[in-house]
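# Overview (structure and organization)
Below, each chain spelled out in residue letters.
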Amino acid sequence: MTTNARDAMLDPALFTPDAKMQSYWWDLAGNRRVESESRIPADVDVLVVGSGYTGLSAALQTARGGRRTVVVDASDAGWGCSTRNGGQISTSIKPGFDELARRHGPERARALIREGQRSLEWTGEFITGERIDCDFGVVGRFHAAHNAAQFEKLAHAVTHQPKGLEVEAHVVPRSEQRSELGSDLYWGGVLYPRHASVDPGRYHQGLLERVVQAGATIIPNCSVSRLERSGKSFRVTTARGEITARDVVIATNGYTGALTPWLRRRVIPIGSYIIATEPLDPALMARLMPRNRIASDTRKVVFYYRASPDRTRILFGGRVSTNETDPLLSGPLLHAEMTRIFPELAKVRISHSWCGFIAYTFDELAHIGNHDGLRYAMGYCGSGVGMAGYLGMKMGLQVLGREDGRTAFDGLPFQTRPLYYGRPWFLGAALQYYRWRDRSGR
Ligand SMILES: Cc1cc2nc3c(=O)[nH]c(=O)nc-3n(C[C@H](O)[C@H](O)[C@H](O)COP(=O)(O)OP(=O)(O)OC[C@H]3O[C@@H](n4cnc5c(N)ncnc54)[C@H](O)[C@@H]3O)c2cc1C
């Protein structure tokens, strides 16, 4: 499409004249290419493929542990989801205790849920300990019920938490909802006071700087196209030449491709879409987000939103399409959903619209492991701001052979399905089905 044709699609009632089809966080994070290298060395101890939270967090450990570490990315450092997300941090485990206990037994289920809780705490401790300036705050999440049955279910879950796994949570009835969120659409919800928010781009930038300070080399625009076993090492072909690495860490998550066909069959790339609004009147922001919570809802096709760190804009995200990657088209769909929740935003325009590919898995759990000598951590199912950094850290410790690198996620069977080779042909039907369920009140 020509630039003129694209400009014509910018409906002036929906988009500001200078609207950007890229991440809002990229405006705030400054130059992400700073201190990166362009030459690739002949050999290293650890090669990390992917420079998001997973890859950088692994590299931080290996570089600090004295291993010569190189991180490569097919694009700019942090080009993937790690600088495009909503910056909401929760406990990151989707299946409930009963489901996990049925699959893996009660002990493993407990350990997995505890580690999800730990990933949330760890992220706060890490950001504070490393003094990363990224507007991290324990602001609390309001999880809103989209119908009466879901409210009953949420309230029941809060009062019947599995023993030993209780987290702080408060039921908010519909009559008190306005104290959390300026919307009457929902049927009440639950407040999780420990959930947090961050500026994901500046978090990534801080992590990148720590990795460089630790002695690792970052090489952007360096796609890896081939991996071959060579004795105890790997011979790796990249866009900037060949490199031999003793350990290779695959940290490609929703961008996992033909390089690693075994992993590609195990992660399902799903588009996640998000918009930022133009600056709001402060009084309006005070009505919509009175306590500055992050928010999500009980719909299976979930919507999530929050105020920007400076409380001037609303950032509103969700899955409005299965494979569309044009933010010009997803922006208006998100705007319509946002306006259903907050009718007062009907005349507020979009200043940024963007998307990225998250990685779902068939068991809705993240996975860390080693296949044919290749190490990997991925599959955060849309909740990777905490978990990707956490499992990346565990992966780095595992490369160092350290006992504290062990995790309850080690050795989980990483499932695929017959006829699945990395293109999720079933996604359209699945999304339609879940939308129908959401609408029909289930
Ligand atoms: C719109 C959106 C909103 C989101 N909101 C939230 C949220 O609020 N909370 C939350 O917890 N999670 C959220 N997520 C998910 C979260 O951002 C991801 O789970 C997390 O960033 C994954 O980090 P990662 O390092 O594993 O992968 P990424 O950050 O995606 O990095 C993968 C990198 O691998 C590189 N790569 C791929 N193949 C190759 C190759 N062959 N050679 C070299 N490099 C390669 C890519 O270029 C990419 O930069 C959101 C995601 C999106 C898209």
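Below, the structure is looked at part by part. (Residues numbered from 1 in each chain as written. Predicted model: local features only at pLDDT ≥ 70, side-chain atom pairs only at ≥ 80, totals over all residues. Heavy atoms only, no water.)

## Let's talk about the overall build of the protein
In plain terms, the rule: Helix and strand assignments come from DSSP, with helices taken as H or I runs of at least 4 residues and strands as E runs of at least 2, each series counted from the N terminus. Just to be clear, the radius of gyration here is over C-alpha atoms, and the globule rule we use is 2.2 Å times residues to the power 0.38. Burial classification: accessible surface area is computed with a 1.4 Å probe over protein chains only, and a residue below 20% of its type maximum counts as buried, one above 50% as exposed, and the rest as partly exposed. In what follows, a contact means two residues having at least one pair of non-hydrogen atoms within 4.5 Å. Working convention for charge: Lys and Arg count positive, Asp and Glu count negative, and His plus the chain ends are omitted. By convention, the charge on Lys lies at NZ, on Arg at CZ, on Asp at CG and on Glu at CD.
Summing up its helical and strand segments, the protein has 12 helices and 19 strands in all. The globule rule puts the C-alpha radius of gyration for 442 residues at 22 Å, and the 21 Å found for the protein is close to it. Considering only C-alpha atoms, the protein reaches an extent of 65 × 60 × 45 Å along its principal axes. The burial tally for the protein puts 58% of its 442 residues in the buried class. For the protein, long-range pairs separated by at least 24 residues make up 74% of all intrachain contacts whose partners lie at least 6 apart in sequence. Taking the 56 positively charged and 45 negatively charged side chains of the protein as two groups, their mean positions are separated by 4 Å.

## Some words on the site of the ligand
Here is the rule: Distances are taken per atom, and a residue is near a molecule or strand as soon as one of its heavy atoms is within 4 Å of it. Distance and chemistry together define a polar contact, namely a pair of N or O atoms within 3.5 Å, with one atom able to donate a hydrogen and the other to accept it when in protein, and with adjacent residues in sequence counting only for side-chain atoms on both sides. Throughout, the Shrake-Rupley method with a 1.4 Å probe supplies accessible areas, and for residues the shown protein chains are the sole cover considered.
Taken together, 35 residues form the shell around the ligand, and within it T54, D73, S82, Q88 and V385 come nearest. Between G382 and the ligand, the recorded distance is 3.0 Å, taken from a backbone N or O atom to a nitrogen atom. Between an oxygen atom of the ligand and a main-chain N or O atom of G384, the distance comes to 3.0 Å. Out of a free accessible area of 1000 Å², the ligand has 96% covered by protein chains. Put simply, the parts of the chain that give the shell around the ligand at least two residues each are α3 (53–64), β13 (268–277), β17 (350–360) and α11 (384–399). Of the residues forming the shell around the ligand, the biggest block, 3 residues, is contributed by α11.

## Thoughts on the sheet that holds strand β14 (residues 294–297)
Operational definition: Only strands joined by at least two bridges in the DSSP assignment are considered to pair. Where helices are involved, their axes are fitted lines through C-alpha atoms of the stretch in contact, as for all axes, and angles between N-to-C directions lie from 0 to 180°.
Taken together, 9 strands build an open sheet; the order of strands is β1-β17-β13-β16-β15-β14-β5-β7-β6 and the sheet is mixed. The strands lining the two open edges of the sheet, one partner per strand, are β1 (15–20) and β6 (170–172). Between one strand axis and the next, the sheet turns by 25° as a mean value, whatever way the strands run. Contacts between helix α10 (residues 327–341) and the sheet are confined to β1, β13, β15 (303–307), β16 (314–318) and β17, with β13 contributing the most and set at about 65° to the helix.

## Topic: the environment of L328
The residue L328 is located in helix α10 in this model. Accessibility expressed as a relative area gives 4% for L328, which makes it buried. Taking C-alpha positions, L328 is 47 Å from K163, a pair spaced 165 residues apart along the chain.

## A short note on the packing of aromatic side chains
For any pair of aromatic rings, the description rests on two quantities: the centre-to-centre distance and the angle between the ring planes. Rule in force here: Between the rings of Phe, Tyr and Trp (Trp by its six-membered ring), a pair exists once the centres lie within 6.5 Å; its type follows the angle of the planes, with under 30 degrees stacked, over 60 edge-to-face, and the other angles tilted. Whether a charge sits over a ring comes down to the Lys NZ or Arg CZ being within 6 Å of the ring centre and within 35 degrees of the ring normal.
The final tally for this structure, using the stated rule, is 13 aromatic pairs. A centroid spacing of 5.3 Å and a plane angle of 20° characterise the contact between Y305 and F316, whose relative ring orientation is stacked. Taken as a pair, Y305 in strand β15 and F316 in strand β16 lie far apart in primary sequence, 11 residues in all. Its relative accessible area of 0% is what places Y305 among the buried residues. Since its relative accessible area comes to 0%, F316 is described here as buried. Here a set of aromatic residues connected by ring pairs shows up, and it is made of F303, Y305, F316 and F342. Geometry around W79 places R84 over its ring, the cationic atom sitting 4.5 Å from the centre.

## Observations regarding the side chain of S383
Within the fold, S383 resides in the loop between β19 (374–378) and α11. Judged by its relative accessible area of 16%, S383 falls in the buried class. A distance of 3.0 Å separates a polar atom in the side chain of S383 from a polar atom in the side chain of K94. Not counting the four nearest positions on each side in its chain, S383 is found in contact with S92 and K94.

## Digging into the nonpolar core
For the record, the criterion: For the purposes of this section, nonpolar cores are sets of buried Ala, Val, Leu, Ile, Met, Phe, Trp, Tyr and Cys residues that join through side-chain atoms within 4.5 Å.
Counting residues in each nonpolar core, the largest one holds 53 residues, and the members touching the most others are F126, Y203, I218, M387, L391 and F409. Those elements that provide at least two residues to this core are β2 (43–49), α3, α4 (97–104), α5 (106–129), α7 (200–213) and α11. It is α11 that contributes the most residues to this core, 9 residues altogether. Every residue in contact with Y203, bar those within four places of it in the chain, is listed here: Y53, W122, T123, F126, I127, I132, C134, V198 and V385. Counting 33 residues, the second-largest nonpolar core is a separate cluster that includes A144, I341, L345 and V348.

## What about a nonpolar patch on the surface?
For the record, the criterion: To count toward a patch, a residue needs a relative accessible area above 30% and no salt bridge. Like charges then connect within 9 Å, nonpolar side chains (Val, Leu, Ile, Met, Phe, Trp, Tyr) within 5 Å. The working definition used for a salt bridge is a side-chain nitrogen of Lys or Arg within 4 Å of a carboxyl oxygen of Asp or Glu.
A grouping of L419, Y421 and W425 is seen on the molecular surface, where their side chains present a nonpolar patch of about 430 Å² in accessible area. Within the element layout of this structure, W425 appears in the loop between α11 and α12 (427–439). A relative accessible area of 60% means that W425 is categorised as exposed.

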